[in-house]
Amino acid sequence: MVGSRVQVNKAHKSRYASKSSRDIHRTSGADKTRIAKSNNVIKGSRAARMKWSKMMGDQQRAAVLKEKRATGGSSSPPRVIVLFGLSASVNVKALAQDILTVLSPEGAVQKFNTVASPNYKFRTTVLEAPYGDLLSCTEMAKVADLIAFVASPSAIHGDDYIDDFGNRCLSVFRALGLPSTAVLMRDLPADTKKRHDLRRSCTLSLASLFPEDCKFYPVDTKDELHKFIWFFKEQRLSVPHWRSQRPYVMAHEVHLVAGDSGEGNCMLLLSGYVRARGLSVNQLVHVSGAGDFQLSKIDVLRNPFPINIRKNQDLMDAEAALEAQILHSLLPDPSKQEPLIVENVPDPLAGEQTWPTEEEMAESAKMNKEKSLRKKTLPRGTSVYQAAWIVEGTDDEESESYDDTGDGMVLEGQDEPFGEEEASGSEHDEYQMGETDRETEGDTLMADGEALPREQIEDEIQKLKIAHAEDEEFPDEVETPIDVPAHKRFAKYRGLKSFRTSSWDPKESLPFDYARTFAFDNFSRTQKHVLAKALEVDQGIEHECVAAGSYVRLHIKKVPLDVASKLCGASRNLPVLACGLLQHESRMSVLHFSIKKHDSYETPIKSKEDLIFNVGFRRFCVRPIFSTDNINSDKHKMERFLHAGRFSIASVYAPISFPPLPLIVLKSEHGDAHAPAIAAFGYLRSVDPDRIMLKKIILTGYPQRVSKLKATVRFMFHNPEDVRWFKPVEVWTKCGRRGRVKEPVGTHGAMKCVFNGGVQQHDTVCMSLYKRSYPKWPDHLCVY
């Protein structure tokens, strides 16, 4: 046996003794001292970080302090409380009177719904939302700083503290953007145990309907009202973002001066506090329910509701002394004032061609010569415009079939072959002018609903429901008329090889209404420029702009006298608003809204029906068309109805607005414009006149005889001329086959088709045709 063996272990792979010595080889000791950072640099970097952190903290504290002073200081406008009763049993008027009494100085008699409280050191305006008036509640919610929902647990049997109208209004408030909220519980019993149980039951029942930070307050006694008011004073109020982008004035007083602005017009005077942003005298203003106007003057008045009043001064003398005292006035600069332009004035000669040059004439003669050498076989009656989208590549077998029948037309670049078409042009134009879609006929009947008896209105609604059900079951399918040739009835339609990839010129054959609209080269860039300009105005010049919080009197010129009279009467029940418009926001264009049908509205909503759109501070009547939103395509399919449960795009002619803006859609029931119902909600998506909405129709036929890949189809057309006219368009079946029309068979519209697979006898053969659709120009834009 050879000597003992000593165990030899494998050496560890680490080349260094410890982690601290792993980088020693990289630099020598002398180099380490040379490249190391000095303590002064380290201290300087730390000091810079601390200085930057302190600066950011100071900026945040200054921003919070500025916001607090702007909303709760002595120079801020009154905070608006809207009291909304969740049910019909709530007495909102008594609660509003109690709040005003608590806020008022001792011994003062309140004549207005705005009060300046010297005890709480702030001003507030209390508005009572009228129960059952959806339009007034919506207008009040647009200006509310706090919406106080009032519940009366003692007057409710069961746990239904909110009724149907309360639910509808709450959904409207959510769509507009809820400001700060609170729930006030009224008429609780005096017994402590019952009071606690009812309060707890009401809180648990309503907590899920409101935001998490919404608090519940009993407001029966004076101490409870004091607690709620202190909370309201110290609370940091949140308002919707869209409301803080534009200055607005909620009118405290409304007057008119007749005869100063021409025949039939007057000067409208609105007095109130400027809110959100500074208002420029050169800006256009929108008066809710009236339209867009220019300002002739802005008077800055002394604050009629001062918080601090001298002790020895009588309250009535103070009111008389502070009434209508003008501090200074602002006049517009004609060179800077925004012009009131609503519609574009089209130039009828803009499309005229100038006299061609010799080079253009030579090139045209060369192209005509080349075109005369090429022959294209087309069905009889084909116009030059329709020949442009017919597929040029035809099979030899198809060409032979045309030549055999002798019904084809050869385009040889001469005028003679079109003689027949020109002779029958009047008949063709008559069909084109007389061709009206079913939606337009229905719209006309519904628009004249005020003059129809109730039984006829109910019949029309029933027909709409039947059409809505058929559209959901058989979307886009139409029947070919027997008495009118299909190539005349559907003369405006064309086929597409692919809905997604086939080209469609957005400037092709536009209606005359498009010449009255405005368009942007780059809408996003324009919006950034306009918002930056509005920020400069807000921070800008004293002799052009009135700061937020000032009490002003707006002199609005050239307001129609009848409109101003209605506003003066309506100001007693709902707030009259004047909103400063951003640049370009008075001009008409094509607006697209993302819209969804409201769950409580069951009546079908058809395209091109009259609807009332509430967009931000605006309210106008439009006739939209609905379409799908295809992300991967520049074309969008029009929808005949607004279907429930999904979002669609509503396209309208309306004044330009910059998003984000909420949308509330109202619809008058049975011709009653004063009691509309909420039909849909949504938001502003974009402003783009080039968006292509295509109306799709599907012509259907049924296989009569099937032989492998071939089938004889009938009932899609009723004469062989229609078959030849639509021969270039592709056909498809509901079971997934695709094919083409080969030739007509017989004299009753049957046709022979070839498919890419075997066709079943029970299958349905379809042909898709498309036509671009446009919204209807509104008859009257403003809703009074």
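Please refer to the structure higher up on the page.
Residues numbered from 1 in each chain as written. Predicted model: local features only at pLDDT ≥ 70, side-chain atom pairs only at ≥ 80, totals over all residues. Heavy atoms only, no water.

All right, on to the overall build of the protein then. Tallying secondary structure elements over the protein gives 19 helices and 32 strands in all. For the protein, the proportion of its 784 residues judged to be buried stands at 45%. For the protein, restricting intrachain contacts to residue pairs at least 6 apart in sequence, the fraction spanning at least 24 positions comes to 79%. Total accessible area computed for the protein in this model is approximately 42,900 Å², and 51% of it derives from carbon and sulfur atoms. (Helix = DSSP H or I, 4+ residues; strand = E, 2+ residues; numbered from the N terminus. Buried < 20%, exposed > 50% of the residue type's maximum accessible area, 1.4 Å probe, protein only. Contact = heavy atoms within 4.5 Å. Areas by Shrake-Rupley, 256 points an atom, 1.4 Å probe, with all protein chains shown as cover.)

Moving on: the environment of M267. When you line up the elements, M267 lands in strand β8 (residues 265-275). As for M267 and H555, which are separated by 288 residues in sequence, their C-alpha atoms are 6.5 Å apart.

Turning our eyes to something else, we now look at the packing of helix α4 (residues 134-143) against helix α5 (residues 164-176). At a closest axis distance of 10 Å, the pairing of α4 and α5 adopts a crossing angle of 35°. The way α4 lies across α5 gives a crossing that is right-handed. When α4 is examined against α5, the residues L134, C137, T138, A141 and K142 are found in contact with a partner set consisting of F165, C169, V172, F173 and L176. Here the contact of α4 with α5 is built from residues that sort into 8 nonpolar, 1 polar and 1 charged. (Axes fitted to C-alpha atoms, helices over the stretch in contact; angles between N-to-C directions. Left-handed = near helix turned anticlockwise from the far one by under 90°. Nonpolar A, V, L, I, M, F, W, Y, C, P; charged D, E, K, R; others polar.)

The next thing to look at is unusual backbone geometry. A cis geometry characterises the amide bond from P659 onward to P660, with omega recorded as 5°. Structurally, P660 is set in the loop between β24 (647-655) and β25 (662-669). Positive phi outside glycine occurs at A276, with the angle close to 75°. The topology assignment puts A276 in the loop between β8 and β9 (279-280). Within the chain, F715 stands out as a residue other than glycine whose phi angle is a positive 70°. Relative to the assigned elements, F715 resides in the loop between β28 (710-714) and α19 (720-725).

On to the sheet that holds strand β1 (residues 79-85), then. Strand pairing within a sheet occurs via backbone hydrogen bonds; the two strands may be parallel or antiparallel. The strand order across the open sheet formed by 6 strands is β2-β3-β1-β4-β5-β6, and the pairing between neighbours is mixed. One side of each edge strand has no neighbouring strand; the edge strands of this open sheet are β2 (114-117) and β6 (215-218). The mean inter-strand angle of the sheet, taken between neighbouring strand axes irrespective of direction, is 30°. Relative to strand β4 (residues 146-151), β1 runs parallel, the two sharing 5 bridges. From the neighbouring strand, V82 faces β4, where its bridge partner is I147. Here α5 sits on the sheet in contact with β1 and β4, set at roughly 150° to β1. The sheet strands contacting helix α6 (residues 192-206) are β4, β5 (180-185) and β6, and the helix crosses β6 at an angle near 150°. (Pairing = 2+ DSSP bridges.)

Bringing the packing of helix α3 (residues 92-103) against helix α7 (residues 222-234) into the picture now. Between α3 and α7, the shortest axis-to-axis distance is 10 Å and the interhelical angle comes to 75°. Taken together, the axes of α3 and α7 lie roughly perpendicular to each other. For the pair formed by α3 and α7, the contact residues are L95, D98, I99, V102 and L103 on the first element and K222, L225, H226, F228 and I229 on the second. Looking at side-chain class alone, the contact of α3 with α7 contains 7 nonpolar, 1 polar and 2 charged residues. (Parallel < 35°, antiparallel > 145°, perpendicular 65-115°, else oblique.)

For α7, built from 13 residues, the straight-helix expectation of 18 Å at 1.5 Å per residue is met to within 8% by its first-to-last C-alpha distance of 19 Å. Among the residues making up α7, those that are buried are E224, L225, F228, I229, F231, F232 and K233. (Expected span 1.5 Å × (residues − 1).)

Our focus in this paragraph is the packing of aromatic side chains. With the rule as written, the count across this model stands at 26 aromatic pairs. Seen in terms of ring centroids, F228 and F232 are 6.5 Å apart; in terms of plane orientation they differ by 10°. Their pairing is stacked. Here F232 and F228 lie together in helix α7, a separation of 4 residues that amounts to about one turn. For F228, a relative accessible area of 0% gives the class buried. Chaining the aromatic ring pairs together yields one cluster made of Y120, F122, Y217, F228, W230, F231 and F232. Looking at R516, its charged tip hangs above the ring of W777, at a distance of 3.9 Å from the centre. (Phe/Tyr/Trp six-rings, centres within 6.5 Å; stacked < 30°, edge-to-face > 60°. Lys NZ or Arg CZ within 6 Å of the ring centre and 35° of its normal.)

Time to look at the pattern of salt bridges. Taken as a whole and assessed by the stated rule, the structure comprises 29 salt bridges. With a closest N to O distance of 3.9 Å, D299 and K297 form a salt bridge. A salt bridge links D629 to R685, with the shortest nitrogen-to-oxygen separation between them at 2.7 Å. Here D629, found in the loop between β22 (625-627) and β23 (635-639), pairs with R685, found in strand β26 (residues 672-687); they are 56 residues apart in sequence, far enough to count as distant. (Salt bridge = Lys/Arg side-chain N within 4 Å of Asp/Glu carboxyl O.)

This next bit is on helix α18 (residues 561-570). Taken together, the buried positions of α18 are occupied by V563, A564, L567 and C568. For α18, the buried positions fall inside an angular range of 140° around the axis, keeping them on one side. Of the surrounding secondary structure, the elements contacted by the buried residues of α18 are β7 (248-258), β8, β10 (284-287) and β17 (551-560). (Arc of directions from axis to C-beta.)

Once that is clear, we can look at the state of the cysteines. Enumeration over the complete set of coordinates arrives at 0 disulfides. No disulfide involves C137; its nearest neighbouring cysteine sulfur is the one of C169, lying 4.4 Å away. Of the residues examined, C137 reaches a relative accessible area of 1% and is grouped as buried. No disulfide involves C266; its nearest neighbouring cysteine sulfur is the one of C568, lying 7.7 Å away. (Disulfide = S-S within 2.5 Å.)

Another point: the environment of L284. Mapped onto the secondary structure, L284 falls in strand β10. As for L284 and Q337, which are separated by 53 residues in sequence, their C-alpha atoms are 8.2 Å apart.

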